[in-house]
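# Close look at the chain arrangement
Listed below are the residues making up each chain.
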Amino acid sequence: MKITRQIILFFTYYFILYFAQAIAYVLLISFLTGLGYTATQRSVFFVVDAIAGMILQVVIGYLCDRHQKIKPYLYIVSIFYAVGTYFMYRTTAMQFWLHMLLVTLISSMTRLTMSLSDSITIETSTETRDNYGVIRLFGSIGWAVGSPITAILAEKFGYPFLGIAFIFVIVLSFVVLWGIRDVNKVKSSEPVSLKDVKALLANRTYRFMVMVLFLINIVDMTQSYSVVDKMWYLNGSERDIGNYWLMAAMMELPLFFLGGWLVKKFGAVKLLIISGIFYTLRYVVYGIAGSIVMVFVGGLLQGLTYPLLMVSSKILIDDESPDNMKTSGQQVANSIYGGGSAMIAPVLVGVLEDGLGINPSLFAIAALALLPTVMMLFYHKKTEKVL
């Protein structure tokens, strides 16, 4: 890989962005729990957030393709992100409706900044697309560094300080983003319209990929709730949670680094199947865990699940999106499999844990991971025959 100025800027931007996201998100569940919100109340917050996020991603993706720019919308989204994070951690008494609004801002803006940043990476040039995995690796490093620092800041200075820290870091990301080229959109005589979005959704393979990614992202998303609850169940601390995210993020680094090579060697379909297999195994480990150490063992499999899911999903969706609808293709897909899973996951975890208990819930999630894996196995077998 040739290290150019743009590649270095992408490395730096992803590190700073995910460092900021760790500050905003890694202790959000703990913060809400500490205020006294129940699992059911928390799930309501995240359902509302997911609905808002799904709508926003479709709208923002459409606007990006229509105006052939992404960076201006990324700046706007990041500003709302900073406002939500600042006021969230300064509101230290239970205020249900206010916290619902702030959770919606933080969570939906988290997904939007991630997906828009990925769209810039995929669309800016062939060079950045082919090296997406390596670029995204620096996001994992930022998350890994930011997670324990977030826990330390919360313990030493209190939760309100996190909002100030987030604003400082997000401003740094603005400075770096300024030097990154905006996307090189395909020019067309007719502006992108809603008919183009309908045509995108008419693609059967596109719809199939979105459905598979929706199911496997539900499994991935439950980690933010079920694994944190499992650690609380085992008398873990905020420091344990911070260290868990640090360890999980560090495990992502090797496969993100090799992501581009793995896609060329095995193909995105096979990588997604492998990811699904290890998601199943991972939640079995969580289910049998009798100590924090065992939970960390399950977290080690983050290195084989999330990177393969991320790299393969971006490539599969990009391949099925028309040239003039690349951003919309990613945003519409992500609104469904990202926003939809964010809506289902907290409700699913709440229902399972209330009805079955924490350990049977984790085994049920492991069983769910098998469904998209089997779907992709049949798809791979079918496409191999066609080829």
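Further up the page is the structure itself.
This text gives an overview of the structure that appears in the document.

Thresholds, definitions, all that
Residues numbered from 1 in each chain as written. Predicted model: local features only at pLDDT ≥ 70, side-chain atom pairs only at ≥ 80, totals over all residues. Heavy atoms only, no water. Helix = DSSP H or I, 4+ residues; strand = E, 2+ residues; numbered from the N terminus. Rg over C-alpha atoms; globule rule 2.2 N^0.38 Å. Contact = heavy atoms within 4.5 Å. Areas by Shrake-Rupley, 256 points an atom, 1.4 Å probe, with all protein chains shown as cover. Lys, Arg positive; Asp, Glu negative; His and termini not counted. Charge placed at Lys NZ, Arg CZ, Asp CG, Glu CD. Core = buried A, V, L, I, M, F, W, Y, C linked by side-chain atoms within 4.5 Å. Buried < 20%, exposed > 50% of the residue type's maximum accessible area, 1.4 Å probe, protein only. Patch = residues over 30% accessible without salt bridge, like charges linked within 9 Å, V, L, I, M, F, W, Y side chains within 5 Å. Salt bridge = Lys/Arg side-chain N within 4 Å of Asp/Glu carboxyl O. Phe/Tyr/Trp six-rings, centres within 6.5 Å; stacked < 30°, edge-to-face > 60°. Expected span 1.5 Å × (residues − 1). Axes fitted to C-alpha atoms, helices over the stretch in contact; angles between N-to-C directions. Parallel < 35°, antiparallel > 145°, perpendicular 65-115°, else oblique. Left-handed = near helix turned anticlockwise from the far one by under 90°. Nonpolar A, V, L, I, M, F, W, Y, C, P; charged D, E, K, R; others polar.

A tally of helices and strands in the protein chain yields 18 helices and zero strands. Whereas a compact globule of 387 residues would reach a radius of gyration of roughly 21 Å, the protein chain reaches 20 Å, a difference of no more than 12%. C-alpha extents for the protein chain along the principal axes are approximately 55 × 45 × 40 Å. Taking the intrachain contacts of the protein chain between residues at least 6 apart in sequence as the baseline, contacts between residues at least 24 apart amount to 86%. Within the structure as shown, the protein chain displays about 15,500 Å² of accessible surface, and the carbon and sulfur contribution to it stands at 70%. Distance between charge centroids for the protein chain: 4 Å, based on 29 positive and 22 negative side chains.

Ranked by internal contacts, the top residues of the largest apolar core, which has 126 residues, are Leu32, Phe46 and Met88. Broken down by element, the residue count for this core peaks at 15 residues, all from helix H1 (residues 5-25). Residues within four places of Met88 in sequence aside, it is in contact with Leu28, Phe31, Leu32, His99, Leu102, Val103 and Ile106.

Together, Met251, Val293, Val297 and Leu300 give the surface a local cluster of nonpolar side chains, amounting to about 320 Å² of exposed area. In terms of residue count, helix H15 (residues 292-300) provides more of the nonpolar patch than any other element does, three residues in total. For Met251, the location among the structural elements is in helix H12 (residues 238-257).

Mapped onto the fold, Glu353 is located in helix H17 (residues 326-356). On the basis of relative accessibility, which here comes to 17%, the residue Glu353 falls in the buried class. Taking the C-alpha atoms as reference points, Glu353 and Ala20, 333 residues apart in sequence, are found 30 Å from one another. Excluding anything up to four places from it in sequence, Glu353 contacts Tyr225, Ser226, Asp229, Ile358 and Ser361.

Time to look at the packing of aromatic side chains. One pass over the structure, following the stated rule, counts 18 aromatic pairs. Ring plane angle 85 degrees and centroid distance 5.2 Å describe the contact between Tyr86 and Phe87, whose orientation is recorded as edge-to-face. The exposure class of Phe87 is partly exposed, given its relative accessible area of 44%. Within the aromatic cluster, the residues linked to one another by ring pairs are Tyr37, Phe45, Phe96 and Trp97.

The next subject is the environment of Gly36. Along the polypeptide, Gly36 turns up in the loop between helix H2 (28-35) and helix H3 (39-67). Residues Gly36 and Met94, spaced 58 residues apart in sequence, show a C-alpha to C-alpha distance of 7.2 Å. Gly36 has contacts with Gln41 and Met94, leaving out every residue within four places of it along the chain.

The terminal C-alpha atoms of helix H7 (residues 132-157), which comprises 26 residues, lie 36 Å apart, in line with the 38 Å expected from a rise of 1.5 Å per residue. Once H7 ends, the next one or two residues include Gly158, with phi positive near 90 degrees.

It is at 10 Å that the axes of helix H5 (residues 96-124) and H17 come closest, and there the two elements cross at 150 degrees. Classified by the interaxial angle, the pair formed by H5 and H17 is roughly antiparallel. For the crossing formed where H5 meets H17, the hand is right-handed. Contacts from Arg111, Leu112, Ser115, Leu116, Ser119 and Glu123 in H5 reach Lys326, Thr327, Gln330, Gln331, Asn334, Gly338, Gly339 and Ala342 in H17. Split by residue class, the contact of H5 with H17 holds three nonpolar, eight polar and three charged.

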